[in-house]
Structure formats: C-alpha cells, structure tokens
Amino acid sequence: MTDVVITGTGLFTPEHAIDNDALVASFNRWVDAENGRNAAAIQAGDAVPLAHSSSEFIIKASGIHSRYVMDAEGILDIDRMRPHLPQRTNDEPSIQCEMGLAAARQALAAAGIEAADIGLVIVACSNLERPYPAVAVELQAALGASGCAFDMNVACSSATFAIDMATSAIRSGNVKRALVVSPEICSAHLNFRDRDSHFIFGDACTAVVLEDAELATAEVRFEVLGTRLVTRFSNAIRNNAGFLNRVTDSDPQALDKLFVQEGRRVFKEVCPMVAALIGDHLASLELSGSDLSRLWLHQANRHMNDLIARRVLGHDPDATQAPIILDRYANTSSAGSIIAFHLHHADLAPGALGVVCSFGAGYSAGCVVVRRQ
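Criteria and cut-off values
Residues numbered from 1 in each chain as written. Predicted model: local features only at pLDDT ≥ 70, side-chain atom pairs only at ≥ 80, totals over all residues. Heavy atoms only, no water. Axes fitted to C-alpha atoms, helices over the stretch in contact; angles between N-to-C directions. Helix = DSSP H or I, 4+ residues; strand = E, 2+ residues; numbered from the N terminus. Left-handed = near helix turned anticlockwise from the far one by under 90°. Contact = heavy atoms within 4.5 Å. Nonpolar A, V, L, I, M, F, W, Y, C, P; charged D, E, K, R; others polar. Patch = residues over 30% accessible without salt bridge, like charges linked within 9 Å, V, L, I, M, F, W, Y side chains within 5 Å. Areas by Shrake-Rupley, 256 points an atom, 1.4 Å probe, with all protein chains shown as cover. Salt bridge = Lys/Arg side-chain N within 4 Å of Asp/Glu carboxyl O. Buried < 20%, exposed > 50% of the residue type's maximum accessible area, 1.4 Å probe, protein only. Phe/Tyr/Trp six-rings, centres within 6.5 Å; stacked < 30°, edge-to-face > 60°. Lys NZ or Arg CZ within 6 Å of the ring centre and 35° of its normal. Pairing = 2+ DSSP bridges. Core = buried A, V, L, I, M, F, W, Y, C linked by side-chain atoms within 4.5 Å.

Further remarks concern the packing of helix H8 (residues 263-284) against helix H9 (residues 302-313). For any two helices packed against each other, the geometry is given by the interaxial angle and the distance between the axes. In contact at an axis separation of 9 Å, H8 and H9 are set at 35 degrees when each is read in the N-to-C sense. Handedness of the crossing formed by H8 with H9: right-handed. On H9, the residues touching Val266, Phe267, Val270, Cys271, Pro272, Val274, Ala275, Ile278 and Leu282 of H8 are His303, Met304, Leu307, Ile308, Arg311 and Val312. The class makeup of the residues in the contact of H8 with H9 is 13 nonpolar, one polar and one charged.

Here we take up unusual backbone geometry. A cis amide bond links Tyr132 to the next residue, Pro133, at an omega of -5 degrees. Along the chain, the position of Pro133 falls in the loop between strand S4 (120-124) and helix H6 (135-143). The step from Gly362 to Tyr363 runs through a cis peptide bond, and the omega angle for that step is -10 degrees. Mapped onto the elements, Tyr363 comes out in the loop between strand S12 (353-360) and strand S13 (364-372). Of note, Glu286 is a non-glycine position whose phi angle comes to about 60 degrees, a positive value. Summarising the element assignment, Glu286 is placed in the loop between H8 and strand S11 (292-297).

This paragraph deals with a nonpolar patch on the surface. On the surface, Phe243, Leu244 and Val247 cluster together into a nonpolar patch covering about 350 Å² of accessible area. Under the relative-accessibility criterion, Phe243 is labelled exposed at 70%.

Next up on the list: the packing of aromatic side chains. Throughout the structure, instances matching the rule amount to seven aromatic pairs. Pairing Phe57 with Phe199 gives two aromatic rings, centres 5.8 Å apart and planes at 85 degrees, and the pair type is edge-to-face. In this pair, Phe57 sits in helix H3 (residues 55-62) while Phe199 sits in the loop between strand S6 (177-185) and strand S7 (203-212), placing the two residues 142 residues apart along the sequence. The interplanar angle of 90 degrees and the centroid separation of 4.8 Å between the aromatic rings of Phe201 and Phe259 together place this pair among those described as edge-to-face. Taken together, the residues span a long stretch of sequence, with Phe201 in the loop between S6 and S7 and Phe259 in the loop between strand S9 (237-238) and strand S10 (260-261) at a distance of 58 residues. As far as burial versus exposure is concerned, Phe201 and Phe259 are alike and both buried. Linked through ring pairs, Phe222, Trp296 and Phe341 together constitute an aromatic cluster. The ring of Phe57 carries Arg195 above its face, with NZ or CZ at 4.2 Å from the centroid.

One open sheet accounts for nine strands, arranged S5-S4-S6-S7-S1-S8-S13-S12-S11; its pairing is mixed. Taken across any chain shown, the strands that pair with only one partner, and hence form the sheet edges, are strand S5 (148-152) and S11. On average, adjacent strands in this sheet sit at an angle of 25 degrees to one another, irrespective of strand direction. Sheet topology note: the S11/S12 ladder contains five bridges and is parallel. If you follow Trp296 over to S12, its bridge partner there is Val356. Packed on one face of the sheet, helix H7 (residues 158-171) meets strand S1 (4-12), S4, S5, S6, S7, strand S8 (222-231), S12 and S13 and runs near 125 degrees to S8. Its contacts with the sheet put H9 on S11 and S12, and the angle it makes with S11 is roughly 150 degrees.

Counting buried positions along S13 yields eight of nine residues, so the element is predominantly enclosed. In this sheet, S13 lies alongside S8 in antiparallel orientation, the contact comprising nine bridges. Of the residues in S13, the one forming a bridge with Val230 is Ala365. Of the pairings in the sheet, the one linking S12 to S13 comprises eight bridges and is antiparallel in character. Bridge pairing in S13 places Val355 opposite Val369.

In this section: the environment of Arg310. Considering the arrangement of structural elements, one finds Arg310 in helix H9. Expressed as a C-alpha distance, the spacing of Arg310 and Asp46, which sit 264 residues apart in the sequence, is 46 Å. Excluding its chain neighbours within four sequence positions, the residues that come into contact with Arg310 are His315, Asp316 and Pro317.

Right, let's get into the environment of Val31. With respect to the helices, strands and loops of the structure, Val31 is situated in helix H1 (residues 20-37). You can call Val31 buried: its relative accessible area is 0%. Distance in space between the C-alpha atoms of Val31 and Ser333 is 27 Å, their sequence separation being 302 residues.

In this structure, Ile278, Leu295 and Val355 are the most contacted members of the largest nonpolar core, which totals 53 residues. When residues of this core are assigned to their parent elements, the largest contribution, eight residues, is made by H8. Dropping the residues within four chain positions of it, Val355 is found in contact with Ile278, Leu282, Leu292, Arg294, Leu295, Trp296, Cys367, Val368 and Val369.

This is how it looks when you write it as structure tokens:
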C-alpha cells in the first residue's frame, strides 16, 4: 500500500480581531436598546428583559478570549451585528478563494512543491459562499494546480473528512499529491444577538498538502497511519439556510437560518462518541492513548477538549499534549484542529505519534492518526 505523508500546512488569519470585552460591550449596548424599546411590555409582564453578557461568562463557558474575523466593524455595529463583506463581481476572486490562496501558498512552500504538482484540490468547510461553480475549481485555477477539484461540507469535520478522501485518492494511485483547504467564515452564520452563542466563532483558513511518501522531499513530514470517520444524525446543531428557503416561503432572516445548538446536549452526546472513535481507531492500529505525544482536537470548547483528551490519554492533559488555540481563534469550525496542528507540530521528535480529530454537526467526527518521520 502507498504510504501517504502530510508535508505542508498553511494558515490564513484575518487582520481584524475582537476580544471578549469589545464583543460584550457591543452586545450589552444592543441589549439595553432592546430592553428600552420593550420597556412597556417588560413592565406589564408580557416580555422578559434580555440579559447582559460578560467576558467572565464567555471564558467560563468556552475558554475563548478573542477571535479573528473578516470584518469587525459590522459585527460591533449594534444596528447591524453581522460582518459587512462587499459583494464581488464574477470576474473578481471570491472571498474564500482569496483566503484559500494565502493558506495554500504557505502549505505548498512548506512542502517544497509547486501548485502544478497538485493533482487534487478539495475545499472542505462548513459553509460555501455559492453552490457553483465550485470554489475548489476556482482555487485550482488561481493556483495553477492540475487534475481535478471539488467542494465538500461535513460541517466542523470537513477538513478531516477531506484528508481521508485525499489519503484514499493517493493510496489508490489516482493522484500523487493533494491539497485540502478549509476557508471558514463562521462569523457570517453566527447570531451575534444570542447571548448563549454570540462569542463562539471566528474566521480563518487552513491548507494541508498530502503526498505519496516516495515523492516527498519536505524535511518535516507526518505519515498518515490511518483515518476513521463516523456520523450519527442529530438536530442538536443545525442551520436551516438553503436554496429551498425561497420556495418554502420561509423567512430568510429567521433565527434558524443561522447557527443554533443545544450546547449541553451536544457536550453530553459528542464527547463520549469522539473519545470512543479515537480509542477504537488507535486499538485497530495496535496503539493506545499512552502511545500518543499529541492530540490536535477540534477547537470548539475548552471543556470538551479537556474531557476528550482525559478519556483518550487516561490522565489530565498538559498544554503540550492537547494544545489549545481557541482562546485566541475561537471556534473556526473545520479549520480548528488543523490550526492546532499547524502551530504545534514542529517540535515533535521522529517517531512521535499524534491524532488530528474534528467533530461537530451531523453529528460527525473524523480521526487521523499520524507519525512524525
């Protein structure tokens, strides 16, 4: 069987950042304005006053301190409270293609290859800015990559699912090199007027180069020992935006057209599912949690990561064993585990084992076991 290696990663980080204090100040100004508009109904007992948010609440609930976003001004404007991203013409690069170019060029440089060497491009993320033509095909053309390209969406698990597909394509001999890009603009589907979730997401884009090991020349490379995927249907995380909204005559601005979740239910149901996935996958490779030097987990919630890492490793993880990047990036959906890998892999010694794992809506979870060569 052909050995597959990860030889390069890239990361695009937006220039705008919003810390908890700024986000909370904006949210609370909006709350005060709404309570003022509804003062009579609140006084009469016909409406419940909205509650303030706080930085302390956000940190306790999630571990998030700040987030990068494509546009901060629109989010902090209490009359808008969503990013403002001007529409581009059909002849201009799309926003996600532009993000992808920045991350992909870093990954290609790290791998020491040219875009023309890539035979497969997969753009994998939670939300794509259009149905067609595929952003992946646009990115393929902008890069000058060869072969074929396509988009895919498995929500927060998109990147690991795409790595599985790219690995399979290389092992089968269909391609020699593949590129997985995850341009996540999560701020565009977040309800910044919901106290329980207004702080969750940030924006970023990652890229991963995978190659046939016999062709790889990069000094730093990680062999993909195996991939494993699982899905289980749940409505606990949902977004009802879609092309049928206009024909079902549903309100395109309704709250269910944005990110909604039952947070406590997700925590209770997803953590054991993910821990079991990783444990079973390791066992199938005759490995255990004690063999791992690192866990690069999906960066949605600090408490989830700590619990999953503890179940997999058998003890409380330290900062190096299960690195956290959500404190400054927040939840970047499928990009999160790849950001953690990108920023925290170079120090591992040859032979060190690690797991890249993402999980989210679906439910879905993807596990990639790697070894530093």
